[in-house]
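# Structural overview for review
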Protein chains: 2
Amino acid sequence: MSELILNAFIMNSPGHLSPGLWTHPDDISVDFGTIGFWVRLAELLERGLFDGLFIADAYGHYDVFEGSPGPAFAHAVQIPRNDPLLLVSAMAHATRHLGFGITLSTSYEPPFALARRLSTLDHLTNGRIGWNVVTSSSDSAARNFGLDRQLTHEERYEIADEYLELCYKLWEASWEEDAVVADRARGLYADPARIHPVDHAGRHFRVQGPHLVAPSPQRTPLLFQAGASSVGRRFAARNAECVFVGAPSKTVLAGSVRKLRQAFADAGRDPASIAIIAEHTVITAPTSAEARDKHAEYRRHASREGALVLMSGWTGVDFSRFAPDDVFEHVESEAIRTAVEAMSSADPSRKWTAGEIADWCGIGGLSPVSVGSPSEVADELASWAADTGVDGFNLSYAVLDSGFRDFIDLVVPELQNRGLYKTGYREGTFRQKLFGRGDRLEAPHPAAVVRDDFASARNLRATRLRP
Amino acid sequence: MSELILNAFIMNSPGHLSPGLWTHPDDISVDFGTIGFWVRLAELLERGLFDGLFIADAYGHYDVFEGSPGPAFAHAVQIPRNDPLLLVSAMAHATRHLGFGITLSTSYEPPFALARRLSTLDHLTNGRIGWNVVTSSSDSAARNFGLDRQLTHEERYEIADEYLELCYKLWEASWEEDAVVADRARGLYADPARIHPVDHAGRHFRVQGPHLVAPSPQRTPLLFQAGASSVGRRFAARNAECVFVGAPSKTVLAGSVRKLRQAFADAGRDPASIAIIAEHTVITAPTSAEARDKHAEYRRHASREGALVLMSGWTGVDFSRFAPDDVFEHVESEAIRTAVEAMSSADPSRKWTAGEIADWCGIGGLSPVSVGSPSEVADELASWAADTGVDGFNLSYAVLDSGFRDFIDLVVPELQNRGLYKTGYREGTFRQKLFGRGDRLEAPHPAAVVRDDFASARNLRATRLRP
């Protein structure tokens, strides 16, 4: 097995996937609004040779539980939620290698401005920026941007397709590779003949250009995606370089991985060339018993209501309708049935109560939680990777920042001893570090196709101009 | 005279108001894409006790000269131009007091997202963020956001009015002052009863809310504006706390200051309560002769064509139509006539050639340039402030970063000796530091009115609910 990819998975919020844990005396989540919090986290992760810091984001709030946003605010369930992009420059200045995977939606903000933001950060980070492309999926977000409800899944992905195509034009085709000359003697900064408008006129967007930013180290940022539906999978297969997956059981996860690699093959891309990264939570301590004690103690700080806010939001079913010991005999929601089946894979006949479901997703949401000594956790991660075919993990935490600190101090050396984890960073951009390839996307990726098409069109025009 | 306000005036670009000076051997502008450049600049400015770093921005490019964007790219005339907001967290982490005035337009990006960005930065900077509100003013920008040409001046300001009103609702009225409880023992992070949707449904925007970000130190960022038209002045008089002005002559500048203070009085606000800050460029050296030599040497690096790119963009007249020694006898453009009259205030009968105009705005654009020893520059700044009524200066540079370094090493001590400049920072937010007042906007500012209206409406509802 090759070395595992490891990202830290977090949100710019006092709570992400372990509601209530902000109340733990060791937890520092409530400081999330300060820069020092993020700089120290980035330094810690770079000490642990993490590939990236992956920041989830959304523009809405959870409001299915009790039909109200109130419980989410009360338990800090992913709210308040500050902008993630603005954290990057401080963290990048404090680190040299750590990558930053930032979630941004294609549904509500103009592509010209978004493309400029990512190009700016690709410069500032020396090519360490990644974009987790999402389409947003809540009516509460839509209502913050002039709509009554969100567009359909299909519409959102159709917009996302055009959005990315337009971004590729700005990033890959607007400035030629050698457009910036910066020749002090000649007084020539950039060669206008090598800078081009993009003249995009599509169904959803019209942008003239040129791009305002000169070519950055990666041009197109490293592209993450997490589409689980068939539409989302096709979108990922066309565009993504890293795909983020999550499932509470190996069987379900292995199925997702198979479908994803097949979708990549169907799209004409090498299925081995993508990095599939699974959500996972680890609680570790020097010994197995200490880790189990720690887990039990964390559970006492978990918020059952907060967990049901998440579960209600994810499934669309208001769990406040059930008493804690209500058994899910006849599960009417497809989403809950899927979740419950996945949680029950060890024992498919098991019946779950509402309270047990809340307890399950009280730490780490629906992702698997590995509790144990460093060697037990390393066994677990190795077996999850081997049995499902994932290339690495987005590690969530129960308590900040000890969740990451314990992992780095205890589990990282164990993984390294087994040859399952790097002992130093590669040089180069986020893309180069992760894949050992060049820092430009290559055909058949659509970013490369856009680049080549523009170059041919220019050559054609240039040829025609000759007498 | 009271202490002068001083901001550094810059753009996230290799060129701002002195085209061609990036070619000077001492100039470091070409490093503008790196974080280290900005962190070192922020540290330098804080050493010089600057009040703020003021970053101009725009979404278009200059294309009037020769009817083409080419010359702007060739001479780095404000292009490439990277996103300014993303620089802030790195600079804020390296400083404790320096404020950041960032330019953002109300014309093209959704207010819900913009309000979240500024709230996030107000948290990360501990209340040191300011917003320079602009409406964008070029067709090239409009064509990057789906339009054929920009909206009219009046339409843009009407949109800006609603935009700000909506931002005030999100910033001032969505979360009550004590909404965040963060009580670990009770497991209550925020009190849902004190968090409110904004339910804005206006002519241009519909936003439900609540705001995603908890109250930040200033809530509403310190508000800058630079409207010079009568519509812009009325907008500034309603909303701005600092107004940015620029004129090449004292007479013209004094007139602008009078009109602005009158507009504030007309809007029911204390005309003495605003800070009026004028664009100014300084070239200094230990002696007068050395400063003049330095100026002459800088002039040799100035780009005449670059200066005409700016002048053509500002006036809408393509200066490539004129030969360098064409005299402006009968100036057909109102904008050129105004500029030329202002430049000629010392000698109203003076005739200008196109080449002389290019030379004039080759360093510092249309702003006055003070060249001299520290004591001569201090004399100049003091007399500009006394004769025009401005409260301070947005200092532009010819060469980076020696323009600011020379000023800080030589002129700052001279100003301090005269009691014209502070000798240390005040504690508190950008607003508190600048005005010595509280960190919240007060009536009759519309942000305070929005806050009070929402509070009354809530109390009314609460009263009605009682039996």
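What counts and how
- Residues numbered from 1 in each chain as written.
- Chains lettered and ligands numbered in written order.
- Predicted model: local features only at pLDDT ≥ 70, side-chain atom pairs only at ≥ 80, totals over all residues.
- Heavy atoms only, no water.
- Salt bridge = Lys/Arg side-chain N within 4 Å of Asp/Glu carboxyl O.
- Helix = DSSP H or I, 4+ residues; strand = E, 2+ residues; numbered from the N terminus.
- Buried < 20%, exposed > 50% of the residue type's maximum accessible area, 1.4 Å probe, protein only.
- Polar contact = N/O pair within 3.5 Å; in protein donor to acceptor, adjacent residues only side chain to side chain.
- Core = buried A, V, L, I, M, F, W, Y, C linked by side-chain atoms within 4.5 Å.
- Contact = heavy atoms within 4.5 Å.
- UniProt positions renumbered as here; feature names shortened; annotations may be inferred.
- Axes fitted to C-alpha atoms, helices over the stretch in contact; angles between N-to-C directions.
- Parallel < 35°, antiparallel > 145°, perpendicular 65-115°, else oblique.
- Left-handed = near helix turned anticlockwise from the far one by under 90°.
- Expected span 1.5 Å × (residues − 1).
- Disulfide = S-S within 2.5 Å.
- Buried area = accessible area lost by both parts, 1.4 Å probe.
- Pairing = 2+ DSSP bridges.
- Right-handed = clockwise from strand over helix to strand, strands pointing away.

A word on the pattern of salt bridges. Residue and element names in this part refer to chain A. Scanning the model with the defined rule gives 54 salt bridges over all chains in all. In this structure, Arg143 engages Asp63 in a salt bridge whose closest nitrogen and oxygen atoms are separated by 3.9 Å. Taken together, the positions of Arg143 in the loop between α5 (139–142) and α6 (153–173) and Asp63 in the loop between β2 (52–56) and α2 (70–74) put the pair 80 residues apart, joining distant regions of the chain. The partly exposed category is assigned to Asp63, whose relative accessible area is 24%. One salt bridge in this structure joins Glu165 and Lys169, with 3.5 Å as the shortest N-O distance. Taken together, the positions of Glu165 and Lys169, both in helix α6 and four residues apart, correspond to about one turn of that helix.

What follows covers the pairing of strand β2 (residues 52–56) of chain B. The side chains of a regular strand alternate between both faces of the sheet. Of all five residues in β2(B), five are buried; the element is thus mostly enclosed. Both faces of β2(B) are covered, namely the face carrying B:Gly52, B:Phe54 and B:Ala56 and the face carrying B:Leu53 and B:Ile55.

The subject of this paragraph is unusual backbone geometry. The omega angle of the peptide bond from A:Leu400 to A:Asp401 is -10°, so this bond is cis rather than trans. Counting through the fold element by element, A:Asp401 comes out in the loop between β13 (392–396) and α14 (402–417). Of note, the phi angle at B:Gln78 is positive, near 60°, even though the residue is not glycine. Along the polypeptide, B:Gln78 turns up in the loop between α2 (70–74) and α3 (88–93). The buried category is assigned to B:Gln78, whose relative accessible area is 5%. A positive phi angle is found at B:Ala182, which is not glycine, with a value near 50°. In this structure, B:Ala182 sits in strand β5 (residues 180–183).

It is worth spelling out the side chain of B:Asp51 at this point. Along the polypeptide, B:Asp51 turns up in the loop between α1 (35–47) and β2. Among the polar contacts made by the side chain of B:Asp51, one reaches the side chain of B:Lys422 at a distance of 3.0 Å.

Quick look at the nonpolar core now. In this structure, A:Phe50, A:Leu53, A:Trp131, B:Phe50, B:Leu53, B:Trp131 and B:Phe407 are the most contacted members of the largest nonpolar core, which totals 264 residues. Dropping the residues within four chain positions of it, B:Leu53 is found in contact with B:Ala8, B:Ile10, B:Trp38, B:Leu41, B:Leu45, B:Met91, B:Leu98, B:Gly99, B:Phe100 and B:Gly101.

All names here are of chain A. The feature "binding site: FMN" (unreviewed entry), as given by UniProt, occupies Asp57, Thr103, His153, Tyr157 and Ser229 in the numbering adopted here. Judged by relative accessible area, which is 27%, His153 ranks as partly exposed. Discounting chain neighbours no more than four positions away, the residues touching His153 are Ser229, Val231 and Gly232. The residue Tyr157 is located in helix α6 in this model. Each residue touching Tyr157, except ones within four places of it in the same chain, is listed here: Thr135, Gln225, Gly227, Val231, Gly232 and Phe235.

What follows covers the packing of helix α7 (residues 230–239) of chain B against helix α8 (residues 250–266) of chain B. All names here are of chain B. Interhelical geometry of α7 versus α8 gives an angle of 55° and a closest axis separation of 8 Å. Accordingly, the angle class assigned to the pair α7 and α8 is oblique. When the axes of α7 and α8 are compared, the crossing they make is right-handed. Here Arg233, Ala236 and Ala237 of α7 lie close against α8, whose contacting residues are Lys259, Leu260, Ala263 and Phe264.

Bringing helix α10 (residues 304–315) of chain B into the picture now. For α10(B), with twelve residues, the first-to-last C-alpha span of 16 Å sits near the 16 Å given by 1.5 Å per residue. Within the sequence span of α10(B), burial applies to B:Gly306, B:Ala307, B:Leu308, B:Val309, B:Leu310, B:Met311, B:Ser312 and B:Thr315.

All names here are of chain A. Summed over all chains, the structure comprises zero disulfides over all chains. This cysteine, Cys167, is not joined by any disulfide, and Cys242 carries the nearest cysteine sulfur, 18 Å off. Residue Cys167 is classed as buried on the basis of its relative accessible area, which comes to 0%.

Below, the discussion takes up the interface of chain A and chain B. Counting from both sides, the interface comprises 73 residues of chain A and, opposite them, 73 residues of chain B. The junction of chain A with chain B conceals about 6200 Å² of combined surface from both sides, 59% of it contributed by carbon and sulfur atoms. The largest share of the area that chain A buries against chain B comes from A:Leu86, A:Arg184 and A:Tyr189, three residues that together contribute 13% of it. Seen at the junction of chain A and chain B, the total is eight salt bridges. Among the ionic pairs, B:Asp57 bridges to A:Arg116, the shortest N-O distance being 2.6 Å. Counting across the chain A and chain B interface gives 35 residue pairs in polar contact (both at pLDDT 80 or more). Elements with a minimum of two residues in the side of chain A that touches chain B: α1 (35–47), α2, α3 (88–93), α4 (111–124), β5 (180–183), β6 (188–190) and β8 (206–207) of chain A.

All names here are of chain A. Within strand β11 (residues 275–284), ten of the ten residues are buried, which leaves the element mostly enclosed by the surrounding structure. Sheet topology places strand β10 (residues 242–245) next to β11; four bridges connect them, and they run parallel. The residue bridging Val243 from the neighbouring strand is Ile276, located in β11. The parallel pair β10 and β11, bridged by helix α8 (residues 250–266), forms a crossover whose chirality is right-handed. When β11 meets β13, the two strands line up parallel, connected through five bridges. Bridge assignment links Ala278 to a residue of β13, and that residue is Phe393. Here four bridges tie β11 to strand β12 (residues 369–372), and the two strands are oriented parallel to one another. Each bridged residue has a counterpart across the sheet, and for Thr281 the counterpart in β12 is Val369.

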